[in-house]
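Structural overview for review
Okay, here's what each chain looks like letter by letter:
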Amino acid sequence: MDLWERARAFAGEAAKRSQELSAEAAKRSSALVSETAKKSKEIFSETASKSREIAAEATKQADLLAGQIKHLASDIPVPSIPPIPAIPPIPTAAALEPDAAELERYGITDDLREFVKGMTISTFRDFPLQEEPEMSDVPTVSNVRQDLNEWQAKHATLVLSSVKEISKFRYELCPRYMKERKFWRVYFLLVNSYIAPFEKKYFEELKLKAEEEKKDSQKEASESQASQATPAELKDAKAPSKTSTNPEHDLDVFLLGDLGSDDEGPDVGDDGLDDDFDKIDATSGLESDDDDKKPAAGKADDAK
């Protein structure tokens, strides 16, 4: 019994002690929470105060820096920015189509369009055209065979882009039922009466243009040669010829040499030439005409 009583007393004491410890722990926890909340409040308040001070200082520094930048910017000349050029509009499909004048030049007229509308696939397939021997491969540019002449190649290119019937026929026939070369031969034979005048006019214009360019080139060449002539050649060309048309004068020039006229050259030397003639008379012993005349004059006096 004493043991049982002691156990009960010990259990009651333990329970009482546990309650006291719990109350003490709760009290201390409450005090700790209260102290922590107080400290947190103080820290938060101090942090908020420091943040406000830092924000005010940053605002002050920012205003000061903005004032300095504004002052410096007022002293720097601002370059004028050229206006941005307008971006040209992208050409539409209608803008890429050839104009009416070009179509007219290459024979694509309303009459041709009406004639083409009456064609069918059978028009090409059943056309009585004799097959030609196989030729070497000819390159194709823009869906047009290059064995056509200049005008035909341009006409074929335009007609494919502007006449949908021809484009459709070519797509369905080539190369499944006929070769490209045969297709265009049949086409140009069918429309020959409609396009022949335009083709003829085109090549006539080319011929006239070539002749004009040839004339211009010849004229430029002659002008270039004339500009490259030396002044001496020009002087010789402008100087009159000294050759006389008198035969006797030409004979004298041939025998005596062209001494030139008396007006050319100075008169110096004539006296020396007269002295030479006097010396020749003195040494030759020939009588002059004056000596012959003197005796005749004496005889005439005697007769008187």
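Scope of this entry: the structure provided in the associated data block.

Cut-offs and rules
- Residues numbered from 1 in each chain as written.
- Predicted model: local features only at pLDDT ≥ 70, side-chain atom pairs only at ≥ 80, totals over all residues.
- Heavy atoms only, no water.
- Helix = DSSP H or I, 4+ residues; strand = E, 2+ residues; numbered from the N terminus.
- Contact = heavy atoms within 4.5 Å.
- Areas by Shrake-Rupley, 256 points an atom, 1.4 Å probe, with all protein chains shown as cover.
- Core = buried A, V, L, I, M, F, W, Y, C linked by side-chain atoms within 4.5 Å.
- Buried < 20%, exposed > 50% of the residue type's maximum accessible area, 1.4 Å probe, protein only.
- Axes fitted to C-alpha atoms, helices over the stretch in contact; angles between N-to-C directions.
- Left-handed = near helix turned anticlockwise from the far one by under 90°.
- Salt bridge = Lys/Arg side-chain N within 4 Å of Asp/Glu carboxyl O.
- Phe/Tyr/Trp six-rings, centres within 6.5 Å; stacked < 30°, edge-to-face > 60°.
- Parallel < 35°, antiparallel > 145°, perpendicular 65-115°, else oblique.
- Nonpolar A, V, L, I, M, F, W, Y, C, P; charged D, E, K, R; others polar.
- Arc of directions from axis to C-beta.
- Patch = residues over 30% accessible without salt bridge, like charges linked within 9 Å, V, L, I, M, F, W, Y side chains within 5 Å.
- Lys, Arg positive; Asp, Glu negative; His and termini not counted.
- Charge placed at Lys NZ, Arg CZ, Asp CG, Glu CD.

1. A word on the overall build of the protein chain
Looking only at helices and strands, the protein chain features 13 helices and two strands. Partitioning the intrachain contacts of the protein chain with sequence separation of at least 6 by distance along the chain shows that 76% fall at a separation of at least 24. In the form shown here, the protein chain has an accessible surface area of approximately 25,500 Å², with 57% of it arising from carbon and sulfur atoms.

2. What to know about the nonpolar core
In this structure, Met119, Phe124, Ile166, Phe183, Trp184 and Tyr187 are the most contacted members of the largest nonpolar core, which totals 30 residues. For this core, the secondary structure elements donating two or more residues are helix H4 (110–117), helix H6 (150–162), helix H7 (164–173), helix H8 (180–190) and helix H9 (192–228).

3. Points about the packing of H7 against H8
In the contact formed by H7 and H8, the axes pass within 10 Å of each other and the chain directions differ by 145°. Where H7 crosses over H8, the handedness of that crossing is right-handed. Contact residues: H7 offers Ile166, Phe169, Arg170 and Leu173, while H8 offers Glu180, Phe183, Trp184 and Tyr187.

4. Concerning the pattern of salt bridges
Taken as a whole, this structure holds five salt bridges when the rule is applied. The closest approach of N and O atoms between Glu20 and Arg17, which form a salt bridge, is 3.4 Å. Taken together, the residues Glu20 and Arg17, both in helix H1 (residues 2–75) and three residues apart, mark about one turn of the helix. We classify Glu20 as partly exposed; its relative accessible area is 40%. Of the charged contacts in the structure, one is a salt bridge between Arg170 and Glu180, with a shortest N-O distance of 3.0 Å. Taken together, the residues span a long stretch of sequence, with Arg170 in helix H7 and Glu180 in helix H8 at a distance of 10 residues. The same class applies to Arg170 as to Glu180, namely buried.

5. Structural notes on H8
One turn of the α-helix equals 3.6 residues, which is why residues spaced by three or four share an orientation. Among the 11 residues of H8, eight are classified as buried, and the element is accordingly described as predominantly covered. Those residues of H8 that fall on the buried side of the exposure criterion are Glu180, Lys182, Phe183, Trp184, Val186, Tyr187, Phe188 and Leu190.

6. Side note on the packing of aromatic side chains
Taken as a whole, this structure holds 10 aromatic pairs when the rule is applied. Considering the side-chain rings of Phe124 and Phe169, the 5.6 Å spacing of their centres and the 55° angle between planes classify their relative orientation as tilted. Of this pair, Phe124 sits in helix H5 (residues 121–125) while Phe169 sits in helix H7, and the two are 45 residues apart along the sequence. Note on Phe124 and Phe183: the rings are 4.9 Å apart at their centroids and 15° apart in plane angle, and the pair reads as stacked.

7. Details of the packing of H6 against H8
Between H6 and H8, whose axes approach to 12 Å, the crossing angle comes to 90°. The angle between H6 and H8 places the two elements in the roughly perpendicular class. When H6 is examined against H8, the residues Gln152, His155, Ala156, Val159 and Leu160 are found in contact with a partner set consisting of Trp184, Tyr187 and Phe188. For the contact of H6 with H8, a count of residues per class yields six nonpolar, two polar and no charged.

8. Structural notes on H7
Where H7 is concerned, the buried positions are Ile166, Phe169, Arg170 and Leu173. On an axial view of H7, the arc spanned by its buried residues comes to 95°, and they lie on one face. Exposed residues lying more than 90 degrees from the buried face of H7 are Lys164, Lys168 and Tyr171. Buried residues belonging to H7 abut H4, H5, H6 and H8.

9. Quick look at the side chain of Gln152
As for its position among the elements, Gln152 is in helix H6. Under the relative-accessibility criterion, Gln152 is labelled buried at 17%.

10. Re a negative patch on the surface
Taken together, the side chains of Glu211, Glu212, Glu213, Asp216, Glu220 and Glu223 present a region of like negative charge at the surface. With respect to the helices and strands, Glu213 occurs in helix H9. The class of Glu213 is partly exposed, set by a relative accessible area of 47%.

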